[in-house]
Amino acid sequence: MSFDLVLFGGTGDLAWRKLMPALFQAFRHGSLPEGGRIIGVARDDLSDDQYRELIESRFAAVEGAKRPSPEEFKKFASMLYFLRMDLSKPGDYATLADTLASRNADTVVMYLATAPALFTQVVEQIAAADLNTPRTRIVLEKPLGHDLASNRAINDAVRKVLSEKQVFRIDHYLGKPSVQNLFALRFGNALFEPIWRREHIANIQITIAEDLGVEKRGAFYDQTGALRDMVQNHALQLVCAIAMEPPINAHADALRDEKLKVLRSLKPWTPETLGLHAIRGQYTAGTAYGERVHGYKDEPGIDPQSRTETFVALRAEIANWRWAGVPFYIRTGKRLASRDARIEVNFRPTPHAIFRAPAGAVNKLVINLQPKDGLELHLLSQAQDNRKRISGDAAQPLASVQLDLDFDKRFGSERVGAYERLLLDVIDGRLNLFVRSDEQEEAWRWVEPLIDSWGSDGGPRPYAAGTWGPSASSAMIARDGFAWSEEQ
Ligand code: BG6
């Protein structure tokens, strides 16, 4: 099978940070179909060779084992091409059409790694140049729009030109090995499903913490903020993966139907919950890994008066039989104390205690997304203190122990990264791990009251870089009698 992958935004941040490294890994693993072309598209004036040099120079920043050797890069580079395009000019799409016709590949993937404001225009121009053939697939990066109306406008424009099965709305969190494992854990094993419900689960905590600041993406981020950048998409998709009902099969629409039901069941915001259950913050100067770092407002590209949030903590509820009353706490932010993404399922305590246990110790399943990738099952066990056993102390306290499954250790280099996996899925036409337009719209609908209410309030709360966000986030969860895991 031959393919052409057209990368709009071919010299942009996403292309070199995520997409090229992922494409290279796919090439190294022998998973990219032979004879494919990767055509970078941008306004820059570059020849194919100059583009290859640019990508090679960027690979110098890739960590150790993932960096190509010069020989490997040479082979990979033979797939790379460059096309200069001004995305507003119809004539440039005609040139693209000629380039694609010269190969007539079985599959043509158009990857829109550009600013979302350009999506509608690009999609319309693709149609005007007759590039929307049955062989065409389109990949849309997040955030798709900046609110429900703009999201709908993009989806409507896409729908006029391509059928839903040709549209791959990417959310790279769905491609993370640990998220696929969550589906496997829940729907490939009978063990957890009977207790995966309100009768046994006290609360669920989803943390996506980043230690970095906004880096070089200040201008983009200041228009976006943590809610649109991380919650509307990544965090809500994790909520879906945890809360969805078992799908009838593993086909894309069966999965997406169940995820949609979760999004539809999210309790709508009220004036009261908007005040109590939605905390946002913005980092000020602080310390990260022993070094002084700037506050958000002093980062390049940021408006010194900015009210953009770099941290969000929410308390959500899912109004259905399985989850009624179970709080789902979501938090994400930049410049937090560490890079740590995980989901914690906290089970209820025993109904009657005959042992002494450390305060707050309960059974807990932790799904580690990164930097570690694996599962931890926290159990309470008899503390192994022989002196007490000899003295026959019946009230010996229990201790928390963990069954620790480290997928990195178990599967090591065979692990396929999120973007690698998803790019191969697009080339092969597998939609399971991509987001349908109705899911996306429902997620926007749920976050929109937050956007509206934040437009006119006192602004985000400050938190020092290198901490876990504003203290109001801990207070929010403490009101329910729980604590974030690092405070337990
Ligand atoms: C992206 C966001 O979608 O996800 C970035 O735009 C964020 O702001 C990134 O840094 C986090 O991805 P990961 O895979 O590093 O957790």
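These numbers come from a predicted model, not from an experiment.

**Brief notes about the sheet that holds strand S2 (residues 37–42)**
- With parallel pairing, the 6 strands of this open sheet are ordered in space as S3-S2-S1-S4-S5-S6. Across the chains shown, the open sheet's two edge strands, defined by having one partner strand only, are strand S3 (80–84) and strand S6 (167–169). On average, each strand axis in the sheet is tilted by 20° relative to the strand beside it, whichever way the strands run.
- Docked against the sheet, helix H5 (residues 119–128) engages strand S1 (3–8), strand S4 (107–112) and strand S5 (136–140), running at close to 155° with respect to S4.

**So, the packing of H5 against helix H6 (residues 148–161)**
- Where H5 contacts H6, the two axes come as close as 9 Å, and the packing angle between them is 10°. Looking at the two axes, H5 sits roughly parallel to H6. Between H5 and H6, the contacting residues are Phe 119, Thr 120, Val 123, Glu 124 and Ala 127 on the first element and Ala 153, Ile 154, Ala 157, Val 158 and Val 161 on the second.

**Observations regarding the site of the ligand**
- In the vicinity of the ligand, 13 residues are found, and the nearest of them are Tyr 173, Lys 176, Glu 210, Asp 229 and Gln 370.
- Taking His 172, its side chain carries an N or O atom lying 2.8 Å from an oxygen atom of the ligand.
- For the ligand, an oxygen atom lies 2.5 Å from a polar atom in the side chain of Glu 210.
- Calculation on the ligand without its partners gives an accessible area of 390 Å², and the protein chains cover 88% of this total.
- With 3 residues, helix H8 (residues 218–243) is the largest single contributor of residues to the shell around the ligand.

**Some details on a nonpolar patch on the surface**
- On the surface, Leu 379, Val 401 and Leu 403 cluster together into a nonpolar patch covering about 230 Å² of accessible area.
- Its location among the elements puts Leu 403 in strand S16 (residues 398–406).
- Here Leu 403 falls in the exposed class, since its relative accessible area comes to 51%.

**Structural notes on the pairing of S4**
- Burial within S4 is extensive, with 6 of its 6 residues counted as buried.
- Across 6 bridges, S1 lies against S4 in parallel orientation. Bridged to Val 6 within S4 is Met 110.
- Of the pairings in the sheet, the one linking S4 to S5 comprises 5 bridges and is parallel in character. Considered in S5, the bridge of Tyr 111 is made with Val 139.

**Regarding the environment of Pro 371**
- With respect to the secondary-structure elements, Pro 371 resides in the loop between strand S14 (364–370) and strand S15 (374–382).
- Note: C-alpha distance between Pro 371 and Arg 342 (29 residues apart in sequence) is 9.3 Å.
- In this structure, Pro 371 is in contact with Arg 339, Asp 340 and Asp 408, ignoring residues within four places of it in sequence.

**Remarks on the nonpolar core**
- Counting 117 residues, the largest nonpolar core has Met 20, Phe 76, Tyr 111, Leu 314 and Phe 328 as the members making the most contacts within it.
- When residues of this core are assigned to their parent elements, the largest contribution, 13 residues, is made by H8.
- When near neighbours in sequence (up to four residues on either side) are disregarded, Phe 328 contacts Ile 204, Val 239, Ile 242, Ala 243, Leu 314, Arg 315, Ala 316, Ile 318 and Trp 323.
- Counting 27 residues, the second largest nonpolar core, distinct from the first, contains Phe 8, Leu 87, Val 158 and Leu 162.

**Looking at the UniProt feature "active site" (unreviewed entry) in the protein**
- Within this numbering scheme, the UniProt entry marks His 234 as carrying the feature "active site" (unreviewed entry).
- With sequence-adjacent residues up to four places away left out, His 234 is seen in contact with Lys 142, Asp 171, His 172, Tyr 173, Ile 208 and Asp 229.

**Some details on the environment of Leu 5**
- Checked against the element boundaries, Leu 5 lands in strand S1.
- You can call Leu 5 buried: its relative accessible area is 1%.
- Residues Leu 5 and Trp 468, 463 residues apart in the sequence, show an inter-C-alpha distance of 40 Å.
- Excluding residues that lie within four positions of it along the chain, Leu 5 makes contacts with Leu 23, Arg 37, Ile 38, Ile 39, Val 109, Tyr 111 and Leu 423.

Each value, and the rule that gives it
- Residues numbered from 1 in each chain as written.
- Predicted model: local features only at pLDDT ≥ 70, side-chain atom pairs only at ≥ 80, totals over all residues.
- Heavy atoms only, no water.
- Pairing = 2+ DSSP bridges.
- Helix = DSSP H or I, 4+ residues; strand = E, 2+ residues; numbered from the N terminus.
- Axes fitted to C-alpha atoms, helices over the stretch in contact; angles between N-to-C directions.
- Contact = heavy atoms within 4.5 Å.
- Parallel < 35°, antiparallel > 145°, perpendicular 65-115°, else oblique.
- Near = heavy atom within 4 Å.
- Polar contact = N/O pair within 3.5 Å; in protein donor to acceptor, adjacent residues only side chain to side chain.
- Areas by Shrake-Rupley, 256 points an atom, 1.4 Å probe, with all protein chains shown as cover.
- Patch = residues over 30% accessible without salt bridge, like charges linked within 9 Å, V, L, I, M, F, W, Y side chains within 5 Å.
- Salt bridge = Lys/Arg side-chain N within 4 Å of Asp/Glu carboxyl O.
- Buried < 20%, exposed > 50% of the residue type's maximum accessible area, 1.4 Å probe, protein only.
- Core = buried A, V, L, I, M, F, W, Y, C linked by side-chain atoms within 4.5 Å.
- UniProt positions renumbered as here; feature names shortened; annotations may be inferred.

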